[in-house]
Amino acid sequence: MPESRERRMIIRARTVVTMDGAPIEDGAVVVSKDRIADVGKFDEIKRRNAGEIIDLGEQALLPGLINAHCHLDYTCLRGKIPPQRSFADWIRAINAEKAKLSPRDYLASISEGFVEAKRFGTTTIANLTGFPELIPQVRAPIRTWWFAELIDVRMPDRASEIVDLAVESLGKTSLARASWGLAPHALFTASGNLYRRCEEIAGRENTLLTTHLSESGEEMEMFRDASGSLYEFLKNIGRDMSDCGNETPLQHFLKIRDSSTLKDFGARSNKLWLIAHLNELTESDFKLLERSRGKFNVVHSPRSHDYFKHSRFPFERLRALGFNICLGTDSLASNENLSLFAEMRAFQKEFSGISPEEILQMVTVNSARSLRHRNALGRISRGFRADLMAIPSNERRNLFEAVVAFDSAVDWVMVDGKIERVRELACSQPCR
Ligand SMILES: [Zn+2]
């Protein structure tokens, strides 16, 4: 007997990869409005539910992928900046490219990026933007966390004002499926006051925070040794360099937040952070990480990492310390496309001992956890948001391997219970 009179959709696929237990052969997912109402074997699902059946055939149905770090502002910079001699040179190069762009270019770039991300099966994105005032003009076709990227390197005395203006812009956005957060860009471009102001607001508004930390060897050189090309570059543009020469970037990050207004700093505030990169860590950094309560989330961007030839990402050690590790694409100023499948493959190439299932977790359950949506996104489970995608599959034995190996556009995507892309693979029939 049907459990409900609500209009339901039963989506059947050869395999349903729930990320919530073993994959289900000849499985089906019931979608009611924007939620997953049921999941199981097709036979059983048919007995328990009534509704239109959409049979995807020889496909694997998966949770939509979640990109934990991206800058859609720079989609239009794809292929524009070849790898540079130094990280400082790359910053110079991207600044030169950015100087040529208008708000209209950025809007086009963001829209193009959204379309591309969705085409690769991404249904949620943590997107940093330097232009929060443009957000109301964007129609995001996937679930989006908008992080205002904040820089005060040329005017550190205006830190609070810069943050407050961004919060005002973000507050004006009332887009469906959207949430917001703050992104002090990096320790070398954002002051301690800017970081503290962001934490204060995040504590008050219960929003997320993200930043770039310990990305390059030059960042380590700058903060620890007060030398190197990034140090020289920033000194030349007038940054106060008195915070350099004593600590590693991680030590500095923890110290500037010591006077944070979040009372139980260290536990609660750490969980609000998605830390991008963390490639450069010393032994004393690892000791600090070992002791830290409330571990923050770490986002690795494998292909951007390769582009910059950064030090090896310390995946195994961070994982062993209990950090939640996710994957992101970063921007197309250091990557070739917005495919998380390609990120999974790049990760697999570097960390061959890690199972494809664990790699898939880094773009589903782990990323959902980093966005504090572990009970709503990243799995196919009852009550979760109906964000799904399907890819061709006739694999039984090496299913997860085949998922990671998938390297074309995704034909079928559902966001919030709405099928947004269908090619001629579905056949519908009434169910009784
Ligand atoms: Zn980034």
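Undergrad: Account for helix H4 (residues 159–171), naming residues and giving values.
TA: Here H4 is 13 residues long and its end C-alpha atoms lie 18 Å apart, about the 18 Å a rise of 1.5 Å per residue gives. Buried within H4 are the following residues: Ala-159, Ile-162, Val-163, Ala-166, Val-167, Ser-169 and Leu-170. For H4, the arc enclosing every buried residue in end-on projection is 160 degrees, short of the 170-degree limit, so these residues lie on one face. Buried residues along H4 sit against strand S8 (143–150), strand S9 (178–184) and helix H5 (192–205).

Undergrad: Give a description of the coordination of the zinc ion that names residues and reports values.
TA: At this site the zinc ion is bound by His-69 (NE2), His-71 (NE2), His-212 (NE2) and Asp-330 (OD), with donor distances of 2.1 to 2.4 Å. Site description for the zinc ion: donor spacing in sequence, H-x1-H-x140-H-x117-D. Separated by 261 residues along the polypeptide, His-69 in strand S6 (residues 65–70) and Asp-330 in the loop between strand S13 (324–327) and helix H13 (340–350) bring together distant segments of the chain. We classify His-69 as buried; its relative accessible area is 0%.

Undergrad: Explain the state of the cysteines residue by residue, including any values.
TA: What the rule picks out here adds up to zero disulfides. Cysteine Cys-76 is unpaired, with the sulfur of Cys-70 as its nearest cysteine sulfur at 12 Å. By relative accessible area, which is 23% here, Cys-76 ends up partly exposed. The cysteine Cys-244 is free of any disulfide, with Cys-198 supplying the nearest cysteine sulfur at 20 Å. For Cys-244, a relative accessible area of 9% puts it in the buried group.

Undergrad: Which residues make up the packing of aromatic side chains, and what are the values?
TA: Throughout the structure, instances matching the rule amount to 17 aromatic pairs. Consider the rings of Phe-315 and Phe-351, whose centres lie 5.4 Å apart with planes at 55 degrees: the pair is tilted. With Phe-315 in helix H12 (residues 315–320) and Phe-351 in the loop between H13 and helix H14 (356–361), this pair connects stretches of sequence that are 36 residues apart. Of the two residues examined, Phe-315 and Phe-351, each falls in the buried class. An aromatic cluster is defined as three or more aromatic residues linked by ring pairs; in this entry it consists of Phe-87, Trp-90, Phe-188, Tyr-307 and Phe-308. Positioned over the ring face of Phe-120 is Arg-119, at 5.7 Å from the centre of the ring. Above the face of the Phe-286 ring, Arg-317 is positioned so that its terminal group lies 3.8 Å from the ring centre.

Undergrad: Help me get a handle on the pattern of salt bridges, residues and values and all.
TA: Taken as a whole and judged by the stated rule, the model has 30 salt bridges. The partner of Asp-225 in a salt bridge is Arg-224, and the shortest N-O contact between them spans 3.0 Å. Using a relative accessible area of 36% as the deciding quantity, one classes Asp-225 as partly exposed. Take Arg-224: its relative accessible area is 37%, and that puts it in the partly exposed class. The salt bridge partner of Arg-312 is Glu-350, with a shortest N-O separation of 3.9 Å. With Arg-312 in the loop between helix H11 (302–308) and H12 and Glu-350 in helix H13, this pair connects stretches of sequence that are 38 residues apart. Overall, Arg-312 belongs to the partly exposed group, its relative accessible area being 43%. Residue classification places Glu-350 among the partly exposed positions, given a relative accessible area of 31%. Salt bridges linked by common partners bring Asp-34, Arg-35, Arg-143, Arg-385, Asp-387 and Asp-416 together as one network.

Undergrad: Outline the confidence of the model for the protein chain, listing residues and values.
TA: Looking at the protein chain, the pLDDT average stands at 92 and 93% of residues meet or exceed 70. For residues 261–265, every residue scores under 50 in pLDDT, and the model assigns this stretch twelve contacts once sequence neighbours within four places are set aside. Taken as a whole, residues 424–432 scores under 50 in pLDDT and shows 20 contacts with residues more than four places along the chain or in a different chain.

Undergrad: Which residues make up the nonpolar core, and what values do they have?
TA: Grouped together as the largest cluster of nonpolar side chains are 104 residues, with contacts concentrated most on Leu-182, Phe-296, Leu-318 and Leu-360. In this structure, Ile-11, Val-29, Ala-386 and Trp-412 belong to the second largest nonpolar core, which totals 18 residues.

Undergrad: Tell me about the sheet that holds strand S12 (residues 297–300), and please be specific about residues and values.
TA: A sheet is described by the order of its strands in space; here eight strands give the open sequence S6-S7-S8-S9-S10-S11-S12-S13, paired in parallel fashion. Looking at the sheet topology across the chains shown, the edges are occupied by S6 and S13. Across the sheet, the mean angle separating the axes of adjacent strands is 25 degrees when strand polarity is ignored. H5 rests against S8, S9, strand S10 (208–213) and strand S11 (273–277) of the sheet, and its axis sits at about 155 degrees to S9. Along the sheet face, helix H8 (residues 249–256) touches S10 and S11 and points at about 150 degrees away from the line of S10.

Undergrad: Describe the side chain of Thr-248, naming the residues involved and giving the relevant values.
TA: Structurally, the position occupied by Thr-248 is in the loop between helix H7 (229–236) and H8. Thr-248 sits in the buried class, given a relative accessible area of 3%. When neighbours within four sequence positions are excluded, Thr-248 is seen to be in contact with Met-220, Phe-223, Thr-282 and Asp-285.

Definitions and limits used
Residues numbered from 1 in each chain as written. Predicted model: local features only at pLDDT ≥ 70, side-chain atom pairs only at ≥ 80, totals over all residues. Heavy atoms only, no water. Helix = DSSP H or I, 4+ residues; strand = E, 2+ residues; numbered from the N terminus. Expected span 1.5 Å × (residues − 1). Buried < 20%, exposed > 50% of the residue type's maximum accessible area, 1.4 Å probe, protein only. Arc of directions from axis to C-beta. Contact = heavy atoms within 4.5 Å. Donors = N, O, S within 2.8 Å, 3.2 Å for Na, K, Ca; no water. Disulfide = S-S within 2.5 Å. Phe/Tyr/Trp six-rings, centres within 6.5 Å; stacked < 30°, edge-to-face > 60°. Lys NZ or Arg CZ within 6 Å of the ring centre and 35° of its normal. Salt bridge = Lys/Arg side-chain N within 4 Å of Asp/Glu carboxyl O. pLDDT = per-residue confidence, 0-100. Core = buried A, V, L, I, M, F, W, Y, C linked by side-chain atoms within 4.5 Å. Pairing = 2+ DSSP bridges. Axes fitted to C-alpha atoms, helices over the stretch in contact; angles between N-to-C directions.

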